[in-house]
Amino acid sequence: MTQTMTAWVVRRPGPVTTHPLERVRLPVPEPASGEVLVRVEVCAVCRTDLHLAEGDLAPRRSGTVPGHEVVGRVAALGQGADQLSVGTRIGVAWLRSTCGECRYCVRGSENLCPYSRYTGWDADGGYAEYLTVPQDFAYPLPEDQPAEKLAPLLCAGIIGYRALLRAELPPGGRLGVYGFGASAHLTAQVALAQGATVHVLTRSAAARALALELGAASAGGAYDAPPEPLDAAVLFAPAGDLVPVALAALDRGGTLAVAGIHLSDIPPLNYSDHLFQERTLRSVAANTRADGRALLEHAARRPLRVTTTAYDIERADQALADLAADRVTGAAVLRIGDRSPAADLGA
């Protein structure tokens, strides 16, 4: 008899108020060659999941299970999957596979691979009790950390880390962080550990309080000017009208990196006010596995304070609604299962 599992799917994308997530029973997937089956412990909730559910990010298949910040254990091995063992604790992130052969992959820019595939978009993700992942794209995780604190690192942490690299913050520089959710509150800590001065600009009063608690030098409204010119900035809020605001706050030679996969339209820019004096505007596209390993190594050396709000899997739709309404401080996480390493499906 085929075993089934609880899962949430995006059946008809639309505003979160129309309940685009549907709770269903699905067959437990079978790992293909080179893949492993993962029993999910926790899946963090990402704004990209919201973009998929609401249709900002065009679905690539009908009835996709979202979720790409997964902590779980290997429950079974596909043919040829010999790098991991049943019971091993691993993380599953957004980047699911690449071709490994195109010019982007060869030069170390696999995040730009035109044949890349993504967890929770091209393949079913972590809003379910099980999922599969190619073994080459799984991250070994420590046993001594709570799953709820590890899960947000697998996208919020990784993408924020890459965005910080793209912003080219100089040593001891002044960083502006626009928006202060799951990714931003981790990125700010990485920057602070590097000796940066961090100024947070966000509309949420609770997020501003958290920013100051974590060590930010200032915390103001999203459209406020920071107290000093910025050497670099990262825009996490999906609001295109903040792009000229952040560019205007940059000092000469400063760089703004836009971290999101989706952004509303950017208003017209004034060359003198926003771009002259060698200011730079950059996007961030997914991540490489090297980014993921680097972020996890940083977190192992200098543990990050991961602020989370937990929901049981039965309330995944509520978690997404709370994220849309800015009712989540830090990262929302779904508690899905916590079985022993001796998974019941075997290998």
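Use the structure listed above.
Residues numbered from 1 in each chain as written. Predicted model: local features only at pLDDT ≥ 70, side-chain atom pairs only at ≥ 80, totals over all residues. Heavy atoms only, no water.

J.: Mind laying out the overall build of the chain, listing which residues take part and the relevant values?
T.: Along the backbone of the chain there are 10 helices and 17 strands. Dimensions along the principal axes, computed over C-alpha positions, put the chain at roughly 65 × 45 × 35 Å. Taken over 347 residues, the chain has a buried fraction of 57%. Within the chain, residue pairs in contact and separated by at least 24 positions form 71% of the contacts whose partners lie at least 6 positions apart. Accessible surface, the chain as shown: approximately 14,700 Å² in total, 48% of it carbon and sulfur. Looking at charge distribution, the chain has the averaged site of its 32 positive side-chain charges lying 1 Å from that of its 37 negative ones. (Helix = DSSP H or I, 4+ residues; strand = E, 2+ residues; numbered from the N terminus. Buried < 20%, exposed > 50% of the residue type's maximum accessible area, 1.4 Å probe, protein only. Contact = heavy atoms within 4.5 Å. Areas by Shrake-Rupley, 256 points an atom, 1.4 Å probe, with all protein chains shown as cover. Lys, Arg positive; Asp, Glu negative; His and termini not counted. Charge placed at Lys NZ, Arg CZ, Asp CG, Glu CD.)

J.: Can you break down the pairing of strand S13 (residues 230–235) residue by residue, with the values?
T.: With 6 of 6 residues buried, S13 lies mostly within the body of the structure. Inspection of the sheet shows strand S10 (residues 174–178) paired to S13 by 4 bridges, in the parallel sense. Considered in S13, the bridge of Gly176 is made with Ala233. (Pairing = 2+ DSSP bridges.)

J.: Describe in detail the pattern of salt bridges, supporting the description with residues and values.
T.: Opposite charge on two side chains lets them pair, provided their charged atoms get close. By the definition in use, this model includes 20 salt bridges. A salt bridge links Glu110 to Arg289; its shortest N-O distance comes to 2.8 Å. Of the two residues, Glu110 sits in the loop between helix H2 (103–106) and strand S7 (117–118) while Arg289 sits in helix H9 (residues 289–301), which places them 179 residues apart along the sequence. Owing to a relative accessible area of 11%, Glu110 belongs among the buried residues under this scheme. Through salt bridges with shared partners, a single network forms among Glu41, Arg73, Arg89 and Glu143. (Salt bridge = Lys/Arg side-chain N within 4 Å of Asp/Glu carboxyl O.)

J.: Which residues make up the layout of surface pockets, and what values do they have?
T.: Where empty space is left can be seen by rolling a probe of water-molecule size over the atoms. By volume, the second largest pocket amounts to about 240 Å³. What lines the second largest pocket is a set of 13 residues, among which Gln145, Leu150, Leu153, Ala299 and Ala300 lie closest to the centre. Where the lining of the second largest pocket is concerned, the elements lending two or more residues are helix H3 (147–150) and H9. With 3 residues, the single largest contributor to the lining of the second largest pocket is H9. (1 Å grid on protein atoms, 1.4 Å probe; cavity = no way out; pocket = protein on both sides within 12 Å on 5 of 7 lines; lining within 4 Å. Points joined across faces, edges and corners; volume = space filled by probe spheres on them.)

J.: Mind laying out unusual backbone geometry, listing which residues take part and the relevant values?
T.: Residues other than glycine predominantly adopt negative phi, and peptide bonds predominantly adopt the trans conformation. We note that His19 has phi near 60°; this positive angle belongs to a residue other than glycine. Position of His19 relative to the elements: it lies in the loop between strand S1 (4–10) and strand S2 (21–27).

J.: Can you lay out the sheet that holds strand S12 (residues 218–220) for me, pointing to particular residues and giving the numbers?
T.: Read from one edge to the other, the open sheet built from 6 strands follows the order S12-S11-S10-S13-S14-S15, with strand pairing classed as parallel. With one partner strand each, in any of the chains shown, S12 and strand S15 (280–283) form the two edges of the open sheet. Across the sheet, the mean angle separating the axes of adjacent strands is 20° when strand polarity is ignored. Strand contacts of helix H7 (residues 242–249): S10, S13, strand S14 (250–258) and S15, with the helix running at about 150° to S14, the strand carrying the most contacts. (Axes fitted to C-alpha atoms, helices over the stretch in contact; angles between N-to-C directions.)

J.: Requested: an account of the packing of aromatic side chains, with residues and values cited.
T.: Inspection of the entire model under this criterion finds 4 aromatic pairs. Measuring from centroid to centroid gives 5.9 Å for Tyr118 and Trp121, while their planes differ by 35°, and the two rings are tilted. Accessibility assignment for this pair places Tyr118 and Trp121 in one class, buried. Ring geometry for Tyr271 versus Phe276: centroids 5.7 Å apart, planes at 45°, classification tilted. The class of Tyr271 is exposed, set by a relative accessible area of 57%. Of the aromatic side chains, those joined through ring pairs into one cluster are Trp94, Tyr118 and Trp121. (Phe/Tyr/Trp six-rings, centres within 6.5 Å; stacked < 30°, edge-to-face > 60°.)

J.: Run through the state of the cysteines, naming residues and quoting values.
T.: A complete count under the given rule lists 0 disulfides for this structure. Left unpaired, Cys43 is separated from the closest cysteine sulfur, that of Cys46, by 9.3 Å. The buried category is assigned to Cys43, whose relative accessible area is 0%. With no disulfide of its own, Cys113 lies 3.7 Å from the sulfur of Cys99, the closest cysteine sulfur. (Disulfide = S-S within 2.5 Å.)

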